[in-house]
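# Coordinate inspection notes
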Amino acid sequence: MRKKLAATAFLAWAALYGAAWGQECSQTIEGNDLIQYNLAEIRVSADCGEFTVNLRHVGQLPANVMGHNWVLTRTEDYMAVAAAAQAVGPPQYLPNGDPRIIGATSMIGGGDEVTVTFDTSELEAGGDYTYFCSFPGHYVLMNGKFIVE
Ligand code: ZN
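Here is a short report on the structure shown in this document. (Residues numbered from 1 in each chain as written. Predicted model: local features only at pLDDT ≥ 70, side-chain atom pairs only at ≥ 80, totals over all residues. Heavy atoms only, no water.)

### Let's talk about the overall build of the chain
Test applied: Only DSSP runs of H or I covering at least 4 residues are called helices, and only runs of E covering at least 2 are called strands; the numbering of each starts at the N terminus. The buried label goes to any residue with under 20% of its type's maximum accessible area, the exposed label to any with over 50%, and the partly exposed label to all in between, with areas taken from a 1.4 Å probe on protein chains only. Any two residues having at least one pair of non-hydrogen atoms within 4.5 Å are treated as being in contact. In short, Shrake-Rupley with a 1.4 Å probe defines the accessible areas, and a residue's cover is counted only from the protein chains shown.
Each helix and strand in the chain was counted, giving 3 helices and 8 strands. Along its sequence from the N terminus, the chain presents helices and strands in the succession α-β-β-β-α-β-α-β-β-β-β. Per-residue burial over the chain gives 40% buried out of 149 residues. Contacts spanning at least 24 positions in sequence make up 72% of the contacts within the chain whose residues lie at least 6 apart. On the chain, roughly 7900 Å² of surface is accessible, and the fraction owed to carbon and sulfur atoms is 56%.

### Side note on the pairing of strand β3 (residues 50-57)
Successive residues of a regular strand alternate their side chains across the two faces of the sheet. To be explicit about the condition: At least two bridges found by DSSP between two strands is the condition for calling them paired.
With 6 of 8 residues buried, β3 lies mostly within the body of the structure. Pairing geometry for strand β1 (residues 26-31) and β3, over 6 bridges, is parallel. When the sheet's bridge partners are listed, T28 is paired in β3 with N54. Relative to strand β6 (residues 113-119), β3 runs antiparallel, the two sharing 7 bridges.

### Observations regarding the nonpolar core
Applicable threshold: We call a set of buried Ala, Val, Leu, Ile, Met, Phe, Trp, Tyr and Cys residues a nonpolar core when their side-chain atoms join them within 4.5 Å.
If you look at the biggest cluster of nonpolar residues, it comprises 24 residues, and the most contacted ones within it are I29, Y37, W70, L72, F118, Y131 and F146. Those elements that provide at least two residues to this core are β2 (41-44), β3, β6, β7 (129-132) and β8 (143-148). Residues V71, Y78, A82 and A85 belong to the second largest nonpolar core, which totals 8 residues.

### Some thoughts on the coordination of the zinc ion
So the rule is basically this: For Na, K and Ca the donor cut-off is 3.2 Å, while for other metals it is 2.8 Å, and in both cases only N, O and S atoms qualify; water is not among them, so sites may look incomplete. Metal sites are grouped by the angles between bound donors: all angles between 85 and 135 degrees with four donors is tetrahedral, opposite donors over 155 degrees apart with the others between 65 and 115 is square planar for four donors and octahedral for six, and any other pattern is irregular.
Looking at the metal site, the zinc ion is ligated by G67 (O), H68 (ND1), C133 (SG) and H138 (ND1), spaced 2.1 to 2.3 Å from it. In this structure, the zinc ion is coordinated by 4 donor atoms arranged in irregular fashion, with angles at the metal of 82 to 127°. All donors to the zinc ion come from one chain, and their sequence spacing reads G-H-x64-C-x4-H. Residue G67 is located in the loop between α2 (63-66) and β4 (71-74), and its partner C133 is located in the loop between β7 and β8; the two are separated by 66 residues in the primary sequence.

### Comments concerning the sheet that holds β3
To be explicit about the condition: Only C-alpha atoms enter the line fits that serve as axes; for helices the fit covers just the stretch in contact. Angles between N-to-C directions range over 0 to 180 degrees.
With mixed pairing, the 3 strands of this open sheet are ordered in space as β1-β3-β6. Of all strands in the sheet, those with a lone pairing partner are β1 and β6, marking the two edges. Averaged over all pairs of adjacent strands, the angle between strand axes in this sheet comes to 20°, irrespective of strand direction.

### Section: the sheet that holds β7
In spatial order, the strands read β2-β8-β7-β4-β5; together these 5 strands make up an open sheet with mixed pairing. Looking at strand neighbours, the two that pair on one side only are β2 and β5 (103-104), the edges of this open sheet.

### Here's the deal with the state of the cysteines
To be explicit about the condition: By convention in this document, the label disulfide applies to cysteine sulfur atom pairs within 2.5 Å.
Overall, the coordinates contain 1 disulfide when judged by the stated rule. Across a sulfur-sulfur distance of 1.9 Å, C25 and C48 are joined as a disulfide pair. The chirality of the disulfide connecting C25 with C48 is left-handed, given an S-S dihedral of about -80°. In this pair, C25 sits in the loop between α1 (2-20) and β1 while C48 sits in the loop between β2 and β3, placing the two residues 23 residues apart along the sequence.

### Structural notes on the environment of P95
Within the element layout of this structure, P95 appears in the loop between α3 (75-88) and β5. Here P95 falls in the buried class, since its relative accessible area comes to 16%. Expressed as a C-alpha distance, the spacing of P95 and A85, which sit 10 residues apart in the sequence, is 5.7 Å. Among all residues touching P95, those that are not within four sequence positions of it are A84, A85, V88 and I101.

Here it is as structure tokens:
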């Protein structure tokens, strides 16, 4: 618990620090028990060499019932990776080492949070990227645009 608080404090500090320099290289996003993210899009500066996503599951249901993660792919790969994830099965519902996955957190349940930092230096400004939850069926409702600008 203390570790999570420290990580959150660091992210808050990093967000403020980034904003002071006109550049946001991290984002907190929430998932809830209604199969929803609280953000429909995330914007990232092309100048960010890497980007950090902090996923908070603000619901109460356990990961085997209402698991959430945050997975980023090219939009053209999103449906295929979601299908592959379902085939992998529990508990992670994500293919290991799939080159189509740009960044991904682990699967968490209500009350948990998880952070991932990934390389964005190869992403194209104006490219078409989609993030989603790879728990079976969730990609339909839990998805958003990842916009590099
Ligand atoms: Zn989910």
